[in-house]
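# Descriptive structure summary
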Amino acid sequence: MNDLLAFAVDAHGGLERWNTFSRLKAELSVDGAIWHLKQQPGLLNDKVFEIDTHQQRLTITPFLAAGQRSVFVPGRVSIETLDGAMLESRDDPEAAYAGHVQETPWDKFHVTYFASEALWTYLTSPFLYTYPGFESEEIEPWHENGEEWRRLKVTFPVDIHSHTRTQITHFGPDGLMRRHDYTVDILGGASGANYVSDYVEFQGIKMPTKRRIYAYDENMQKVPEPLLVSLDFGQLSFS
C-alpha cells in the first residue's frame, strides 16, 4: 500500500476496523439532472441501499413497489420480493446501453445497474483500493477551495464493475476524500467530478453523507451547471 493510500485508509477509520464488517446499510436519496434527462425522476428517492463490503452485491429497497427490491451482482440485475423470489432480471446489463445517446431514456434495469455499480464503489472507497487486483499511485497534487489535495490514481481490476477502470480520488490534508474523478463508460465516456463532504463517524468508520457530481472540462475544472447527481445519506450502519 503506497503512503497516500495508507494515510487515507487510516483517516477513514483504518483497515483493521473496516475488515471487521461485511455489510453496510445506507439510507439514501438520489436526485439530479441525469434522472430527469433519462426520464426516471424520483425513482431513487428515500431508499435503503445495502451492500456486501468485500464482494460486489447491492440491493435497493423498496424498488418500484413496496415489498420489492433490486439486486445487483456482476453480470446481472434483478427485481425480487423481499423474501428472495425472482420477479424479473437482465443478464449482461452493461450491454443494454449500447447505441444510447444523451437523450435515450432509461428503463428500470438501466437505472438499477448504473446506480448500483456507482454506489458500491462510493460506499467502499477508499478501503476498496486495498483489495486484491487494484493498483494505485500518487500523482501530482491538485489545488482547489484553498487547499492542496493529494491525488491517487487507481486502476480497477477487470472483474470489478465500476464507471471505468482508471479513476482519480483527491484527499485533503486530513486524509479524507474531497473529490473523485472518473469517466462513465456506459454514458459514452461522460466525465464526473464527484465532490465528497459532510463526514460523519459510524461505528468507527468515517463516511461522507453528501456527494455532488458535476461534469469537468478539458482542464479538469468543474462545470458548475447542471448538477448531474446529488446523493444525500441518512443513517449508515455496519454489520
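First, a word on what this report is: a plain description of the structure on this page. Just so you know, these numbers come straight off a predicted model, no measurement behind them.

For the rest of this paragraph, the subject is the overall build of the protein chain. Scanning the protein chain from N- to C-terminus turns up 4 helices and 14 strands. Relative to its length of 239 residues, the protein chain is compact, with a C-alpha radius of gyration of 17 Å against a globular reference of 18 Å. With the C-alpha coordinates aligned to their principal axes, the bounding extent of the protein chain is approximately 45 × 40 × 30 Å. Expressed as a percentage of contacts within the protein chain between residues at least 6 apart in sequence, the contacts between residues at least 24 apart total 48%. Within the structure as shown, the protein chain displays about 10,500 Å² of accessible surface, and the carbon and sulfur contribution to it stands at 48%. Side-chain charges in the protein chain split into 21 positive and 34 negative, and the spacing between the mean points of these groups amounts to 3 Å.

Summarising burial for strand S9 (residues 166–171): 5 of the 6 residues are buried, a large majority. Sheet analysis places strand S8 (residues 147–155) next to S9, joined by 6 bridges and oriented antiparallel. Looking across to S9, one finds that Arg150 is bridged to Phe171. Pairing of S9 with strand S10 (residues 177–184) involves 4 bridges; the strand directions are antiparallel. Residue pairing for S10: Ile168 is matched across the bridge by Asp181.

Further remarks concern the side chain of Thr164. Relative to the helices and strands, Thr164 resides in the loop between S8 and S9. Its relative accessible area of 14% is what places Thr164 among the buried residues. A polar contact is formed between the side chain of Thr164 and the side chain of Asp185, at a distance of 2.9 Å. Beyond its immediate chain neighbours, meaning those up to four positions away, Thr164 contacts Phe156, Tyr182, Thr183 and Asp185.

Before going further, it helps to examine helix H4 (residues 108–124). With 17 residues, H4 extends 24 Å between its outermost C-alpha atoms, agreeing within 8% with the 24 Å of an ideal straight helix rising 1.5 Å per residue. The element H4 is largely enclosed, with a buried count of 16 among its 17 residues. Put simply, Asp107 is the residue that caps the front of H4, since its side-chain oxygen is 3.0 Å from the backbone nitrogen of Phe109.

The biggest cluster of nonpolar side chains holds 58 residues, and the ones touching the most others in it are Trp35, Leu119, Leu123 and Leu231. Broken down by element, this core gets its largest block of residues, 10 residues, from H4. Among residues more than four places away in sequence, those in contact with Trp35 are Val30, Gln40, Pro41, Leu44, Trp106, Val111, Phe114, Ala115 and Val229. Membership of the second largest hydrophobic core comes to 6 residues, among which are Trp149, Tyr195, Tyr214 and Tyr216.

Moving on, we get to the pattern of salt bridges. Tallied over the full model, the rule gives 13 salt bridges. Across the pair Arg69 and Glu80 runs a salt bridge, and its minimum N-O distance is 2.7 Å. Here the residue Arg69 occupies a position in strand S4 (residues 68–73), and Glu80 occupies one in strand S5 (residues 76–81), the gap between them amounting to 11 residues. Exposure class is identical for Arg69 and Glu80. Each is buried. Connected through salt bridges with shared partners, the residues Arg23, Glu50 and Asp52 form a single ionic network.

What follows covers unusual backbone geometry. Here the residue pair Ser125 and Pro126 is connected by a cis peptide bond, since its omega of 0° sits within 30 degrees of zero. Topologically, Pro126 is positioned in the loop between H4 and strand S7 (135–144). Of note, the amide linkage connecting Glu225 to Pro226 takes the cis form, showing an omega dihedral of 0°. With respect to the element layout, Pro226 can be found in the loop between strand S13 (222–223) and strand S14 (229–238). Not every positive phi belongs to a glycine, and Asp92 is a case in point at roughly 45°. Owing to a relative accessible area of 48%, Asp92 belongs among the partly exposed residues under this scheme. A positive phi is found at Asp198, a non-glycine position, where the angle reads about 55°.

A few words on the side chain of His110. Residue placement: His110 occurs in helix H4. For His110, a relative accessible area of 7% gives the class buried. Among the polar contacts listed, one links the side chain of His110 to the backbone oxygen of Ala96, at a separation of 3.1 Å. For His110, the residues in contact, after removing those within four places along its chain, are Arg90, Ala96, Tyr97 and His100.

The rules behind the values
Residues numbered from 1 in each chain as written. Predicted model: local features only at pLDDT ≥ 70, side-chain atom pairs only at ≥ 80, totals over all residues. Heavy atoms only, no water. Helix = DSSP H or I, 4+ residues; strand = E, 2+ residues; numbered from the N terminus. Rg over C-alpha atoms; globule rule 2.2 N^0.38 Å. Contact = heavy atoms within 4.5 Å. Areas by Shrake-Rupley, 256 points an atom, 1.4 Å probe, with all protein chains shown as cover. Lys, Arg positive; Asp, Glu negative; His and termini not counted. Charge placed at Lys NZ, Arg CZ, Asp CG, Glu CD. Buried < 20%, exposed > 50% of the residue type's maximum accessible area, 1.4 Å probe, protein only. Pairing = 2+ DSSP bridges. Polar contact = N/O pair within 3.5 Å; in protein donor to acceptor, adjacent residues only side chain to side chain. Expected span 1.5 Å × (residues − 1). Core = buried A, V, L, I, M, F, W, Y, C linked by side-chain atoms within 4.5 Å. Salt bridge = Lys/Arg side-chain N within 4 Å of Asp/Glu carboxyl O.

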